[in-house]
Amino acid sequence: MKKILLIAVLASAVLFASEDANATKVLKPTQMKTMQSLEEAMETIQKGFLYNNENVVENGVKDLKKNLEDIDSFMIKNDEDKNFNAPVYAATETAAITTLGDEILKAYKSEEKDKALTLYGQAFQRCIACHKIIRKW
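Rules used throughout
- Residues numbered from 1 in each chain as written.
- Predicted model: local features only at pLDDT ≥ 70, side-chain atom pairs only at ≥ 80, totals over all residues.
- Heavy atoms only, no water.
- Helix = DSSP H or I, 4+ residues; strand = E, 2+ residues; numbered from the N terminus.
- Buried < 20%, exposed > 50% of the residue type's maximum accessible area, 1.4 Å probe, protein only.
- Expected span 1.5 Å × (residues − 1).
- Arc of directions from axis to C-beta.
- Contact = heavy atoms within 4.5 Å.
- Core = buried A, V, L, I, M, F, W, Y, C linked by side-chain atoms within 4.5 Å.
- Phe/Tyr/Trp six-rings, centres within 6.5 Å; stacked < 30°, edge-to-face > 60°.
- pLDDT = per-residue confidence, 0-100.
- Disulfide = S-S within 2.5 Å.

**Notes on the environment of leucine 117**
Argument step 1. Tracing the chain through its elements places leucine 117 in helix α5 (residues 113-134).
Argument step 2. The partly exposed category is assigned to leucine 117, whose relative accessible area is 46%.
Argument step 3. Measuring from C-alpha to C-alpha, the distance between leucine 117 and phenylalanine 49 comes to 7.8 Å, with 68 residues separating the pair along the chain.

**Regarding α5**
Argument step 1. If you check α5, its first and last C-alpha atoms are 32 Å apart, about what 22 residues at 1.5 Å a residue would give, namely 32 Å.
Argument step 2. The set of residues buried in α5 consists of Ala116, Leu119, Tyr120, Ala123, Cys130 and Ile134. In an axial view of α5, the angular spread of the buried residues amounts to 105°, which keeps them on one side of the axis. Facing away from the buried side of α5 by more than 90 degrees, the exposed set consists of Asp114, Gln125 and Lys132.
Argument step 3. In the core, the buried residues of α5 are packed alongside α2 (29-51) and α4 (86-109).

**Things to note about the nonpolar core**
Taken as a class, soluble globular proteins show a tendency for nonpolar side chains to be buried jointly.
Argument step 1. Of all hydrophobic cores here, the largest spans 21 residues; its most connected members are Ile45, Phe49, Val57, Leu64 and Ile104.
Argument step 2. Sort the elements by how many residues they give to this core and α4 lands first, with seven residues.

**Here's the deal with the packing of aromatic side chains**
Argument step 1. In total, this model carries two aromatic pairs according to the counting rule given.
Argument step 2. Site record: aromatic cluster; members linked through ring pairs are Phe49, Tyr108 and Tyr120.

**Things to note about the confidence of the model for the protein**
Argument step 1. Put simply, the protein has an average pLDDT of 81, and 74% of its residues get 70 or more.
Argument step 2. Confidence, read as mean pLDDT per element, is least for helix α1 (residues 2-24) in the protein (47) and greatest for helix α3 (residues 54-68) (97).
Argument step 3. In this model, residues 18-25 is a region of pLDDT below 50 whose contacts with residues beyond four sequence positions or in other chains number two contacts.

**Here's the deal with the environment of glutamate 40**
Argument step 1. Looking at the element boundaries, glutamate 40 is found in helix α2.
Argument step 2. When the C-alpha atoms of glutamate 40 and leucine 64 are compared, they prove to be 8.4 Å apart, with 24 residues separating the residues in sequence.

**Brief notes about the state of the cysteines**
Argument step 1. Overall, the coordinates contain zero disulfides when judged by the stated rule.
Argument step 2. Cysteine 130 provides the cysteine sulfur closest to cysteine 127, a residue in no disulfide bond, and the two sulfurs are 7.9 Å apart.
Argument step 3. On the basis of relative accessibility, which here comes to 23%, the residue cysteine 127 falls in the partly exposed class.
Argument step 4. Judged by its relative accessible area of 17%, cysteine 130 falls in the buried class.

**Some remarks on α2**
Argument step 1. Across its 23 residues, α2 extends 32 Å between first and last C-alpha, which sits within 8% of the 33 Å expected from 1.5 Å per residue.
Argument step 2. Restricting attention to buried positions, one finds in α2 the residues Gln31, Thr34, Ser37, Leu38, Ala41, Met42, Ile45, Gly48 and Phe49.
Argument step 3. Contacts from the buried residues of α2 go to α3, α4 and α5.
Argument step 4. After α2 finishes, the residue asparagine 52 shows a positive phi value of roughly 55°.

In structure tokens, the structure reads:
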């Protein structure tokens, strides 16, 4: 009886481990580092809003734009959709988020904080849209 329970536990562990491996197989370590840096930049911008600190917002936008320059981190194949063009999608999204970053900073500096927050939301939505397409959320 103990052997059957042990085999069942081991089989389920192997099954769950293989699902976990498949969930993260798309990202390379450099891509993961870039994505983490982008997340940190977005957090910094948000902290700048919460602390009402222009320098923090500016540093967040600077970090965001710097990490968006690594366009190779956005080149993720989508094997399910043969019409998906990863290089074009990556170029479009990085350019759009870079522009939104500039607009966030401009609005914040000109005391249009509601507009800056709206633009931040738009940038975040672009991030989420990419994750829905690429990561299949």
